[in-house]
Amino acid sequence: MDFALSEEQNAIFDMAYAFGQEQIAPHAQGWEKDGTIPKALWPQIGELGFGGLYVSEEYGGSGLSRLDATLVFEALAMACPAVGSFLSIHNMCGGMIDKFGSDETKKKWLPDLCTMSTVYSYCLTEPGSGSDAAALKTRAKPSDVGYTLNGSKAFISGGGYSDAYICMVRSGVDGPKGISALVVEDGTPGLSFGGLEDKMGWKAQPTAQVQFDDCAVPAANLIGTEGKGFSYAMAGLDGGRLNISAGALGGAQQALNLTLQYMSERRAFGQSIDQFQGLQFRLAEYETKLQASRTFLRQAAWKLDNGAPDASKFCAMAKLMVTDVAFDVANGCLQLHGGYGYLADYGIEKIVRDLRVHQILEGTNEIMRVIVARHLLAENR
Ligand SMILES: Cc1cc2nc3c(=O)[nH]c(=O)nc-3n(C[C@H](O)[C@H](O)[C@H](O)COP(=O)(O)OP(=O)(O)OC[C@H]3O[C@@H](n4cnc5c(N)ncnc54)[C@H](O)[C@@H]3O)c2cc1C
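Treat the numbers as computed from the prediction; the structure is a model and nothing was measured.

1. Remarks on the site of the ligand
Neighbouring the ligand are 18 residues; Y122, T125, S131, T364 and E366 lie closest to it. In the model, an oxygen atom of the ligand is placed 2.7 Å from a nitrogen or oxygen of the E366 side chain. Surface burial for the ligand is 64%, taken as the share of its 970 Å² of free accessible area covered by protein chains.

2. Quick look at the UniProt feature "domain: Acyl-CoA oxidase/dehydrogenase middle" (unreviewed entry) in the protein
According to UniProt, the positions carrying the feature "domain: Acyl-CoA oxidase/dehydrogenase middle" (unreviewed entry) are residues 122–215. Note that residues 122–215 is 0% helix and 47% strand, and that its end C-alpha atoms are spaced 17 Å apart.

3. Quick look at the packing of helix α4 (residues 66–77) against helix α5 (residues 81–100)
Interaxial distance between α4 and α5 falls to 7 Å at its minimum, and their mutual angle equals 155 degrees. What the angle tells us is that α4 and α5 run roughly antiparallel. Contacts between α4 and α5 involve F73, L76 and A77 from the first element and P81, G84, L87, S88 and N91 from the second. The class makeup of the residues in the contact of α4 with α5 is five nonpolar, three polar and no charged.

4. Side note on the packing of aromatic side chains
One pass over the full model with this rule turns up nine aromatic pairs. An angle of 80 degrees between the planes, with centres 5.5 Å apart, marks the rings of F86 and Y161 as edge-to-face. Taken together, the residues span a long stretch of sequence, with F86 in helix α5 and Y161 in the loop between β3 (146–157) and β4 (164–170) at a distance of 75 residues. A ring pair is formed by Y262 and Y340, whose centres lie 6.4 Å apart and whose planes are at 45 degrees; its orientation type is tilted. Placement of the pair is Y262 in helix α7 (residues 229–265) and Y340 in the loop between α9 (311–336) and α10 (348–356), with a sequence separation of 78 residues. Exposure remark for Y262: the relative accessible area of 10% places this residue in the buried category. Overall, Y340 belongs to the partly exposed group, its relative accessible area being 32%. Cation over ring: K303 sits above F314, and NZ or CZ is 4.4 Å from the ring centre. It is R356 that lies over the ring of F327; its NZ or CZ is 5.7 Å from the centre.

5. Regarding the pairing of β4
β4 sits mainly inside the fold: seven of its seven residues count as buried. Across four bridges, strand β1 (residues 120–123) lies against β4 in parallel orientation. For C123, the partnering residue across the bridge sits in β4 and is C167. Inspection of the sheet shows β4 paired to strand β5 (residues 179–185) by seven bridges, in the antiparallel sense. If you follow I166 over to β5, its bridge partner there is V183.

Reading guide: rules and limits
Residues numbered from 1 in each chain as written. Predicted model: local features only at pLDDT ≥ 70, side-chain atom pairs only at ≥ 80, totals over all residues. Heavy atoms only, no water. Near = heavy atom within 4 Å. Polar contact = N/O pair within 3.5 Å; in protein donor to acceptor, adjacent residues only side chain to side chain. Areas by Shrake-Rupley, 256 points an atom, 1.4 Å probe, with all protein chains shown as cover. UniProt positions renumbered as here; feature names shortened; annotations may be inferred. Helix = DSSP H or I, 4+ residues; strand = E, 2+ residues; numbered from the N terminus. Axes fitted to C-alpha atoms, helices over the stretch in contact; angles between N-to-C directions. Parallel < 35°, antiparallel > 145°, perpendicular 65-115°, else oblique. Contact = heavy atoms within 4.5 Å. Nonpolar A, V, L, I, M, F, W, Y, C, P; charged D, E, K, R; others polar. Phe/Tyr/Trp six-rings, centres within 6.5 Å; stacked < 30°, edge-to-face > 60°. Buried < 20%, exposed > 50% of the residue type's maximum accessible area, 1.4 Å probe, protein only. Lys NZ or Arg CZ within 6 Å of the ring centre and 35° of its normal. Pairing = 2+ DSSP bridges.

Below, the structure is given as structure tokens:
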């Protein structure tokens, strides 16, 4: 058993960290105010090979492992969790097409996905179904050209901003077996978007409803086999949960780094506040929790990379543990900044706001408990 990162993995982390600090961090607060991320950023990220992290090299991807990808998302989140997480959703889409699409499908969509000249969103949630995602109602009726879509998707990261949307739609019977996954390109007649949601965090990335009104989608846009879309979407989420956890970890690590620096400078009662043992114990606790989370996250990623039978359970456990720990650590770091933690200039309050949603999306942390318990009970049968 070897817990060390390879030289290549360290280089991947360093490259992502440097890019984040140079090209994202200085703009993070401005982009949050603007409520959008400049589109020009994405091709730069594509050039680094981060547009299709685990897409096969044959189709323009980087062919990296899930563990490698967590390093990228951890490092980018140290600059801005909202930007890093947006990229993670795009990569989840790439992973789904690469894993489940036909050769033709992959040739058609993946090269532009990898360079990020086409930015992707993932559309599963609907106004009437979030956690109970298999109850989705957006209907895909067969037509002469392929499918006609009617319905709407809620909370879509990149809604109205992205160039293409992977949409889970009902093409058949009720329940998970009647769901298919289709690519819907921006500009398709019948595709429209709701107004921008006003959110607590992740403000830099636009979130909106995606609506279909007799939206005609060619049959060639089907990913894989009709009726298998729900299993593809869930498989995508296993890796997505690792990425969302890695983003939370990076945000919390950045909060801890900022806090260590701040505490060495801030004085109270005649000494720097990092000299109070009660506060030192808090720092020690945060460091321990983040390191434990990192190890557990990488173990879950390793399981997914190696096709371990309990990989889904580990991805759910990692998401539950890492995102809860990360939020608590970031919130604790805000407390250690006193009143200054509440001010935008100190960079902590944004991290706390950004990390809160990591406990909610890609399956709430209650749903992570449901998944883990289901596996546990099945293993015990
Ligand atoms: C900023 C943001 C971005 C998002 N981006 C995307 C995106 O890009 N694509 C996408 O498809 N979705 C996206 N989502 C949606 C997100 O995945 C859902 O909000 C999430 O899955 C929860 O669904 P819901 O909001 O409908 O809550 P509900 O399912 O209504 O849940 C409400 C509460 O009930 C609990 N609950 C529900 N069922 C159970 C159960 N069986 N046992 C115990 N507790 C339960 C939940 O944990 C929660 O606490 C995004 C959400 C946000 C906030």
